[in-house]
Structure formats: C-alpha cells, structure tokens
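Here are the chains, one letter per residue:
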Amino acid sequence: MRRRTRALVATAGLCGLALTAACGGGDAGSGETGSTTDGGSGDGEQITLTVATFNDFGYTEELLAQYTAEHPNVVVEHVLAARAEDARANLTTNLASGGEGLSDIEAIEVDWLAELLQYPDYFTDLSDPAVEGRWLESKVAAATTEDGRLLGYGTDVGPQAICYRSDLFAAAGLPTDRAEVAELLGGADATWDDYFEVGRQFVGASDSAWYDSAVSIYQGMINQVEFAYEEGDGTPVGLTNPEVREAYDAVLSASTDDGLSAGFEQWQEDWTAGFQNNAFATMLCPAWMQGPIAGNAAEVEGWDIADVFPGGGGNWGGSYLTVPAGGEHVEEAQALAEWLTSPEIQVQAFGNAGTFPSQVDAYENPDLTGATNEFFNDAPVGEIFASRSLAVDELGFLPYKGPNYFAIHQTVQDAILRVDVTGEQNAEDSWAAAEQAVADLGL
C-alpha cells in the first residue's frame, strides 16, 4: 500500500507534529536498534516497560509475567484504554507535544495507522531479519513506509462472523443451531438485505432489538468498500462515493424505520449494560470482539457464533505495536514488541481474548486450529475465524485506508450517532451536517 508524506490537514491532535521534534532517547528510522532477543538493558539494570493498548489484546497479567520470568530485569506494565479512540487521542496529543507521556510501546489500530505513518520519524524502524516472513504480507505492507521502514509489528486481524443470542432466537421462533443460523442469514451467499430481513422477523416476535448499534453495522458495510473516502493514491473524495451514501441510508433505514437497532454507542455504559438486560440478539463479531462480549455478558447464557457474514466476508480492525522513537528504552521495547507479536504468544492472546493472529506460523498451531470458546457454547472459534479469514481473501481486495480515512470516517459515524443514538437529527439533515464537517476539514 502506498504511503503519502504530505501533511494531513485539520486532523485533531496531529497538526503540530510536523513542527515538533520528538524528545530524545532514540534514533528514529535508523534501524540500529541493537539486539531484539535478550530484552535486557545490557548491564542488568532493572527497568519498567509500559505497553499501551485498548479494548482487549489478550495481554493478561499472567502473559506479561512470562516475559519478566524470561527477562528478570524487566517489569512490564500494561496501560489499558477502554476505547481505541481514547488511545488515539492520547497518542496524537503526546506526539504533538514532543512525545513526553507516551508508553514504551504504543498500540495503533489499522484505521488510523496511515494517518500516523505520515510522521515516520516519531517511530522506531522495527525492521529486523529475525522477523521477516512472520506476518501476512498485507499486514506488513500496511505498516511499511515508502522507503522501507517497518513502523509496526502486527498483532491481530479482524475477520468477522455473527455472534448471536441463541436463547433469544429460540424465544422468537428462529433456529438456534449455529449451522442453521448461518443458513438462515444466507450462508455463503449472505447479503445485508438477508440480515435485515431476518432482523425484521425477529423484532416482530421479540422485545429485544436485532443488533446493538447502527454504527457497528455501518462499520461492517464500509469495510467491504474498496475506496470509501479516498482514491487509491490517497486523494480524498469526501462523501461523494455513492457506495458510502447507500450504506448510510441502508443502515439507518433498518435501524430507525424498522426498529432493528438498540440505539447504543459501543463501549458506552448503556451498551455495556445492554448485554445484561437482553437488549439485542446479534452483533457483528470480529474475532477480537469475543473478549468484550464475554466480559460484558458475564453469567448470561446463550451466546454463540455463526460462520457467516453479510456480503461474504469482511475485516474489522486489527492492530500494531509501535515503539515511539523518543522512549528511554527503545531497544528493550522493540524486544518486548517482538516477543508479544511472536506466533506462540499471539496464539496465547487469541486464547485469552479471541484476537485472531496475523502471524503465518500461528495458522498451523493446533492450539489455534482446534480452539473452542466455552462461553460461546463451545463454538469451534479456530475453525470459524479461519473460515472467515478466507472469506476476506475472497473479496479480492482490502479496503484502502489512507491518511484521510479516519477523519472522514468519523464524520459519518457521528452522523449515524445523531440519528440512531441521540435522535437529534433525521437521516437527511445529519448527512448534510456530515458533508459540511468534511468540507470543514479542508482536505
């Protein structure tokens, strides 16, 4: 994927980056990071490395303690943000002010990766012969600059299935077996129309909504559009792509006119509470969503996963670990990032949180291929998400997410929230407000 180096105008928190030097401590982009195998400081000095992530990467205390057991002079502290947006705001704000306050390792979500890669000197070049061939080629390409610097080690990818409440399906007279649910939703030929039609059947026979959030459904739809907001060279097209408007209209018609949405904003308190009070029956379910569902729906029985997705396949999310160039322990941080993104550790993370690995060798690990998830009725999640990964490949492309993607995408998400969550505008007026918001970006 090509990376452009022109400045991104009017993206919150990044405007000052081009003028602000990273604070001292590392030679960004030099590639001379020393050994990435021993993880120590070389003189036995006791150090603490901080790892900033969001949502749930599967990095439990027990997993991180393994690193200290192997490297007794290193203590790892996990800095966890509740939402990706919170992590991004912290990262961009601290980068703009020179880097002070950043963790030794900072996680980056794929939707805002290209935006940050415009400023490669703020991140350490993680290129190393020891990790060549570790990841899917597309995962590496997305984090590589035009001059060949690798600025992020890939963690997970987000192949999507449908998670559903089998007990609510049964109460509404719908099939509950995961294979039957997959066929109900259209099987290999599943479409968004199929998904919405079954939703209309469900809400007609239930007091629960069909899905949790209109924004999440839009996310699934837009991740099947190759060039949503930008051309292939990064030139922004705003909201002029008719596929964007079609997805917006479809999801809001289903959400508000048909009453399929529970009207929640994901990661907010009412959304979290909705898991406990039968607020909705289905969710778009990238592999990493298993952890949040199981955590929020603790002691709620009935969740399962169907090997199906409207439109055939789609990837939502997936992240990277970066090492800010101004850290005090850049070499040691790179060693830790390498360890955390090794196939063996990513398979452990998958077992902890369902984050599906991006490492090629992980796909031959029986702990992955044979994995089941007890919370989801012992669903064969290794098989399901491997199948969903193949469906992503069958799309024939990965959505292009250039340096302007995040800023433009946010305007549409905000527009959907104004209709689905707050009800302050109708769909037409909110779309017009989104168009104005894009114009105000000055792209």
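The paragraphs below set out a description of the structure included in this document. (Residues numbered from 1 in each chain as written. Predicted model: local features only at pLDDT ≥ 70, side-chain atom pairs only at ≥ 80, totals over all residues. Heavy atoms only, no water.)

**Focus: the pattern of salt bridges**
Phase 1: Scanning the model with the defined rule gives 13 salt bridges in all.
Phase 2: Of the charged contacts, one joins Arg-178 and Asp-304 as a salt bridge, the two residues approaching to 2.9 Å between their closest N and O atoms. Taken together, the positions of Arg-178 in helix H6 (residues 178-184) and Asp-304 in strand S7 (residues 303-306) put the pair 126 residues apart, joining distant regions of the chain.
Phase 3: With a relative accessible area of 2%, Asp-304 lands in the buried category.
Phase 4: A salt bridge links Asp-258 to Arg-200; the shortest N-O distance between them is 2.8 Å. Linking Asp-258 in the loop between helix H9 (242-257) and helix H10 (269-274) with Arg-200 in helix H7 (residues 192-203), this pair joins segments that are 58 residues apart in sequence.
Phase 5: Among the residues examined, Asp-258 registers a relative accessible area of 29% and is labelled partly exposed.
Phase 6: A single salt-bridge network, built from bridges that share partners, covers Arg-83, Asp-86 and Glu-265. (Salt bridge = Lys/Arg side-chain N within 4 Å of Asp/Glu carboxyl O. Helix = DSSP H or I, 4+ residues; strand = E, 2+ residues; numbered from the N terminus. Buried < 20%, exposed > 50% of the residue type's maximum accessible area, 1.4 Å probe, protein only.)

**Looking at the nonpolar core**
Phase 1: With 82 residues, the main nonpolar core has Tyr-195, Trp-210, Tyr-218, Tyr-229 and Trp-303 as its most contacted residues.
Phase 2: When residues in this core are grouped by element, the largest group, eight residues, is from helix H16 (residues 405-420).
Phase 3: Here Trp-210 is in contact with Phe-169, Leu-185, Tyr-195, Val-198, Gly-199, Phe-202, Val-203, Leu-260, Phe-280, Ala-281 and Thr-282, once residues within four sequence places are set aside.
Phase 4: Tyr-59, Ala-84, Ala-107 and Leu-321 belong to the second-largest nonpolar core, a separate cluster that totals 48 residues. (Core = buried A, V, L, I, M, F, W, Y, C linked by side-chain atoms within 4.5 Å. Contact = heavy atoms within 4.5 Å.)

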